[in-house]
Amino acid sequence: MRFLLLFSRQGKLRLQKWFTPLTDREKKKVIRDMMMLVLARPARSCNFLQWRDLKIVYKRWYASLYFCAGLEDHDNELLALEVLHRYVELLDKYFGNVCELDIIFNFEKAYFILDEFLMEGEILETSKVAVGVSLEEADTLQEGEAKEAWRPLSAGAC
Amino acid sequence: MPAPIRLRELIRTIRTARTQAEEREMIQKECAAIRSSFREEDNTYRCRNVAKLLYMHMLGYPAHFGQLECLKLIASQKFTDKRIGYLGAMLLLDERQDVHLLMTNCIKNDLNHSTQYVQGLALCTLGCMGSSEMCRDLAGEVEKLLKTSNSYLRKKAALCAVHVIRKVPELMEMFLPATKNLLSEKNHGVLHTSVVLLTEMCERSPDMLAHFRKLVPQLVRILKNLIMSGYSPEHDVSGISDPFLQVRILRLLRILGKGDDDSSEAMNDILAQVATNTETSKNVGNAILYETVLTIMDIKSESGLRVLAINILGRFLLNNDKNIRYVALTSLLKTVQTDHNAVQRHRSTIVDCLKDLDVSIKRRAMELSFALVNGNNIRGMMKELLYFLDSCDPEFKADCASGVFLAAEKYAPSKRWHIDTIMRVLTTAGSYVRDDSVPNLIQLITNSVEMHAYTVQRLYKALLDDISQQPLVQVASWCIGEYGDLLVSGQCEEEEPIQVTEDEVLDVLEGLLVSNLSTPVTRGYALTAIMKLSTRFTSVNRIKKVVSIYGSSIDVELQQRAVEYNALFKKYDHMRPALLERMPIMEKTASNGPTEIVQTNGETEPSVVEAKHPPPVTQPTNQANDLLDLLGGNDVVPVIQNTVSTKPASAGGELLDLLGDLSLSGGTSPAPAPSVPTSQPSFFLDGLTSQPLFNDIAAAGIPPMTAYNKNGLKIDFTFERANPNPNIAVITIHASNSTEADMTDFVFQAAVPKTFQLQLLSPSSNVVPALNQGTVTQVIRVLNPQKQQLRMRIKLTYTHKGSAVQDLAEVNNFPPQSWQ
């Protein structure tokens, strides 16, 4: 996988993960192109399209949020759909019935979850349970620090 | 200074902004606050501020002033700080900023931290944006962690190692020992990432690949366990156990089995098992099947298995799910070359996909359909494809039209069918046809001698209907110009001849000239067509009038043409019939290459009387040159020709590159003197001086010579002087082969210095038989107006005993009689 983007129907970016180094300009171009291509697709079309030398896989969840991934030639597109699905499940489990607002207000958590699931464009952990456990323990660490400092902060120090 | 606002609050505030300007104002205000907070070096709120900065960065605002703050967070002792700091580093920093190197030490320390989650953060960041320098510094640490028993760290270290290898391939060796027992892990996360690491190493190094082949049995075992094992809630996806791992293993098996009989054999069973037992009701099962099919096709599988794979793809084609149909078409496209017959069986399903509503599927189906066209199914397929061309979206039309032309050219069952097909494309998708198709079509029509009358009639009728599609109009006007006489004489065997008068034809052509729909190029075609008709029609006066009107046209190109045609009427009327004669048959060397004009044997070359009054030889050739440009379409005539091999005739350009400073008299080199145009003169000079091509060989007593003798290949030159033009030497090469193996795909190319001009004719064959059993002959004509010493550089390519051979040589030992 080369990149993973989450954006809304209105063209607002919610998450961007790049697995290859690109300049800011190149990143902006990719984001623009993806939004243009994906948002223009009619409903009920197939979830794949070709863009430059990459295979693009996209899926719409929660009525208005698009998940879009850029794959290399040797990546399995059908499996990529499963990867996107798994990420959604992880988000769902963590936030409990997740919706777009959760991802907007807790974007850093969305990144933490992603980083426990994917790395270097590949799957890091195939077990939902294992990912959940690591996230919980990491969050506990954070809460522990917050309690030590006697600050009435929530699980995010922000 | 009041505490900086919290992240959530900022997000809420920004979302209330109703306009872009309002949002920008809020952002600027907050950035200012954050900047002053950073200046105060406040540890407490740094984390919060950086988080806010990251949010604003995601909205598209610049955030580079936070880069150093991220580093400070990373260096902090608190996990909370580190978490945000590392995230910031991954979002804001990359290898292009020198700042990132400052992280190296922090990461090194954190890789050895006591808390595994800190170590995890460090590995993640290194694996995400680590530059080559960082990777070099820290590879040792990663390798250490790859050997740990902590599976949480081990899996992260594995993917981090993948990143290191991608950045610094030379370090791959260092991870080899750690891979020894990676596959004996029980933890799926470690297994999966290990397979990824092994895949990466095998893809990059053939040695590694050979080394890891011994893992095939182990991989097969793991895969088998996954399939046979019962329900495992942790890894289950719709009833399948860890599909992600299964797919990855299948991919590694593909790489290991490719080209290796033993490994392929070891996998046959498990592949068959997966292919038959996987549940296909959900996408996940099909994902596994898809990967299995790809693997079966790539390794040396037995034919039964291959048939199974293609059948799976065939079933995919009938699946309701669009994604699966798309994936099937993509895979079939990959396999159509190697398993053509098997794919042919599914042809009707594929053709049905042309009617699918989905754009991606249509495109794949179109590509695959063209790949499946062959001599047997051409009629049926073409019907479907033409129907598709009619109804498809504009984005497909250009590609489809080109595909139709290519297919028609290769497999046309009859010339009439071919012309009809072309007509259909031009009339239905005429404006989407590529520009380079026009000269190709013209050349095709020229060569179908018996169809000229039919073609021009149909084109004329099409023009009457519609003059908006430029490629159609261009081809039609060219044809009318060439074959207008056939049109008015009413001879047509193929269909009912129409009654057309000369005036009607000229009306149509003049209509093109004045119409707003015609592009300048089309107008050029029309004017030239009218001019050509002056030798075929009787109403010359009308044509003269039209031509003279355009002598003052605003369009420079039209004006120039008209002026020159006028001159042709006035001063060179005697040359007019010859110059405007029917075009000879053009020989095509490659289906997509530029056309070139070659005098063929027996072609009635006009016996043009040599110019009586003394304009220098260059002047008529100037006009002839222009005419040739106009008449022949666009591509310039390269003089160097390769016929039997399918290399495009732009070999002139190639040779220029390869043969160095001996420039060719091909169309690509600039004319040596301003008045002598490039390649055409040798053609026209011959014509104008009424040379039949193959002269009687009045051997002027020039001795033959051996030009090349190496590796068993001997090339002799024999000379004839082309009477009566003493400037042209005709050289015949005789290539013989004294080795025991034939030399096939034999191509002879030659280049001469600038002051010469050279023409290569077709060789007798491209196989030089072994043991001197025969020779390949080829004729070269060299024009040497300045009587300079003849030098030549030759290039030979051929296949001998399975390997391609190429050689360059200079020939300097020409006998003086050949050029004096």
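Here, residues in each chain are numbered from 1, in the same order as that chain's written sequence. The naming scheme follows written order: chains are lettered A onward, ligands numbered 1 onward. Only residues with pLDDT of 70 or above have their local features reported here, since the model is predicted, and side-chain atom pairs are shown and tallied only from 80 upward, although totals for entire chains, interfaces and linings are computed over all residues. Only hydrogens and water are set aside; all other atoms, that is, all heavy atoms of the structure, feed into the side-chain values.

### Structural notes on the overall build of chain B
Within chain B, the secondary structure is distributed over 34 helices and ten strands. With a 1.4 Å probe rolled over the protein chains alone, any residue whose accessible area is under 20% of its type maximum counts as buried; one over 50% counts as exposed, and the rest are partly exposed. For chain B, with 820 residues in total, the buried portion stands at 57%. Contact definition: two residues touch when any of their heavy atoms are within 4.5 Å. Long-range pairs, those at least 24 residues apart, make up 69% of the contacts in chain B between residues at least 6 apart in sequence. Total accessible area computed for chain B in this model is approximately 34,200 Å², and 51% of it derives from carbon and sulfur atoms. Runs of H or I in DSSP of at least four residues are treated as helices and runs of E of at least two as strands, each being numbered from the N terminus. All accessible-area figures derive from a Shrake-Rupley calculation using a 1.4 Å probe, and residue coverage is judged against the displayed protein chains alone.

### Digging into the sheet that holds strand β3 (residues 48–51) of chain A
Residue and element names in this part refer to chain A. Pairing is antiparallel in the open sheet, where five strands are placed in the order β2-β1-β5-β4-β3. Looking at which strands have only one partner, the edges of the open sheet turn out to be β2 (13–18) and β3. Taken pair by pair, the neighbouring strands of this sheet meet at an average axis angle of 20°, ignoring direction. Only when DSSP finds a minimum of two bridges between them are two strands counted as paired. Note: strand β4 (residues 54–61) against strand β5 (residues 65–71), seven bridges, orientation antiparallel. Residue W61 lies in a different strand from β5, and its bridge partner there is L65. With axes taken as lines fitted to C-alpha atoms, and helix axes fitted only over the stretch in contact, angles between N-to-C directions fall between 0 and 180 degrees.

### Quick look at the pattern of salt bridges
Any carboxyl oxygen of Asp or Glu within 4 Å of a side-chain nitrogen of Lys or Arg constitutes a salt bridge here. Inspection of every chain in the model, using the stated rule, returns 51 salt bridges over all chains. Two residues, A:K29 and A:D33, come together in a salt bridge whose shortest N-O distance is 2.8 Å. Here A:K29 pairs with A:D33, and both are found in helix α1 (residues 24–39), just four residues apart, close to one helical turn. Under the relative-accessibility criterion, A:K29 is labelled partly exposed at 34%. Across the salt bridge formed by B:R536 and B:E482, the nearest N and O atoms sit 3.7 Å from each other. Here B:E482 lies in helix α26 (residues 470–489) and B:R536 lies in the loop between α28 (520–533) and α29 (540–549), a separation of 54 residues in the sequence. Here the two residues B:R536 and B:E482 agree in accessibility, since each one is buried. Among the charged side chains, a network of salt bridges with common partners joins A:E120, A:E122, B:R166, B:E200, B:R204 and B:R248.

### Quick notes on the interface of chain A and chain B
Taken together, the contact between chain A and chain B spans 64 residues of the former and 73 residues of the latter. Computed with a 1.4 Å rolling probe, the buried area is the accessible surface lost when two parts are put together, summed over both parts. Together chain A and chain B conceal approximately 6,300 Å² of surface at their shared face, both sides included; 56% is due to carbon and sulfur atoms. Inspection of the chain A/chain B interface yields eight salt bridges. Where A:E125 meets B:K155, a salt bridge forms, and the shortest distance between an N and an O atom there is 2.7 Å. In protein, a polar contact requires one atom able to donate a hydrogen and another able to accept it; more generally it is a pair of N or O atoms within 3.5 Å, and residues adjacent in sequence count only if both atoms are side-chain atoms. For the interface between chain A and chain B, the tally reads 29 residue pairs in polar contact (both at pLDDT 80 or more).

### A closer look at the sheet that holds strand β9 (residues 792–800) of chain B
Residue and element names in this part refer to chain B. If you walk across this open sheet you meet the three strands as β6-β9-β10, and the pairing is antiparallel. Only two strands of the sheet have a single neighbouring strand rather than two, namely β6 (743–751) and β10 (803–811). Here the strands of the sheet are splayed against their neighbours by 15° on average, with no regard to which way each runs. Across seven bridges, β6 lies against β9 in antiparallel orientation.

### Here we look at the side chain of B:S736
Considering the arrangement of structural elements, one finds B:S736 in strand β5 (residues 728–737). Filtering out sequence-adjacent residues up to four positions away, B:S736 remains in contact with B:G712, B:L713, B:K714, B:V768, B:N772, B:G774 and B:T775.

### Describing unusual backbone geometry
Residues apart from glycine generally show negative phi values, whereas peptide bonds are mostly found in trans. All names here are of chain B. Phi angles above zero are rare outside glycine, and S238 is one such case at about 50°. Positionally, S238 belongs in the loop between β1 (236–237) and β2 (240–241). Unlike most non-glycine residues, N711 shows phi in positive territory, near 55°. Mapping N711 onto the fold places it in the loop between β3 (705–710) and β4 (713–721).

### What to know about the packing of aromatic side chains
Put simply, two rings from Phe, Tyr or Trp (the six-membered ring, in Trp's case) pair if the centres are within 6.5 Å, and we call them stacked under 30 degrees between planes, edge-to-face over 60, tilted for the rest. Scanning the entire structure with this criterion turns up 14 aromatic pairs over all chains. Between A:Y94 and A:F95, the ring centres sit 5.1 Å apart and the planes meet at 85°, which makes this aromatic pair edge-to-face. Of the residues examined, A:Y94 reaches a relative accessible area of 28% and is grouped as partly exposed. Residue A:F95 is classed as buried on the basis of its relative accessible area of 19%. Judged by centre distance (5.9 Å) and plane angle (55°), the rings of B:F388 and B:F396 are tilted. B:F396 carries the same exposure label as B:F388, and that label is buried. Within the aromatic cluster, the residues linked to one another by ring pairs are A:W61, A:F67 and A:Y87. A cation over an aromatic ring shows up here: A:K59 above the ring of A:W61, its NZ or CZ 4.9 Å from the ring centre. A ring is considered to have a charge above it if a Lys NZ or an Arg CZ atom is located within 6 Å of its centre and within 35 degrees of its normal. Across from the ring centre of B:F65, 4.1 Å away, lies the NZ or CZ of B:R35, which sits over that ring.

### Description of the pairing of β4(A)
Residue and element names in this part refer to chain A. Across the eight residues that make up β4, a large majority, six, are buried. The pairing of β3 with β4 spans four bridges and is antiparallel. Considered in β4, the bridge of L49 is made with I56. Here β3 hands over to β4 after two residues, with R52 in that stretch at a positive phi of 50°. Hairpin connection, β4 to β5: the antiparallel pair is bridged by three residues, and Y62 has positive phi, about 50°.

### A closer look at the side chain of B:N323
Mapping B:N323 onto the fold places it in helix α17 (residues 322–335). Side-chain polar atoms of B:N323 contact the backbone nitrogen of A:N47, separated by 2.7 Å. When near neighbours in sequence (up to four residues on either side) are disregarded, B:N323 contacts A:C46, A:N47, A:F48, A:L78 and A:L81.

### Comments concerning empty space enclosed by the protein
Lining residues are those with an atom within 4 Å of a point, where the points come from a 1 Å grid over the protein atoms alone and group into cavities, where a 1.4 Å probe fits but cannot get out, or pockets, open sets with protein on both sides within 12 Å along at least five of seven lines. Grid points are joined across faces, edges and corners, and a volume is the space filled by probe spheres set on the points. For the coordinates displayed, the defined rule picks out 13 cavities of 30 Å³ or more. Its volume calculated, the largest cavity comes out at about 220 Å³. Along its surface, the largest cavity is lined by 18 residues, and A:D75, A:L79, A:V83, A:G121 and A:E122 are the ones closest to its centre. Elements with a contribution of two residues or more to the lining of the largest cavity: α2 (77–95) and β7 (122–123) of chain A together with α13 (243–257) of chain B. Top contributing element to the lining of the largest cavity by residue count: α13(B), with four residues. Considered as a void within the structure, the second largest cavity measures approximately 130 Å³ in volume. Looking at the lining of the second largest cavity, the elements with two or more residues in it are α4 (107–117) of chain A together with α5 (79–92), α7 (116–129) and α9 (151–167) of chain B. Put simply, Ala, Val, Leu, Ile, Met, Phe, Trp, Tyr, Cys and Pro go in the nonpolar bin, Asp, Glu, Lys and Arg in the charged bin, and everything else, Gly too, in the polar bin. Considered class by class, the residues forming the lining of the second largest cavity number ten nonpolar, one polar and four charged.

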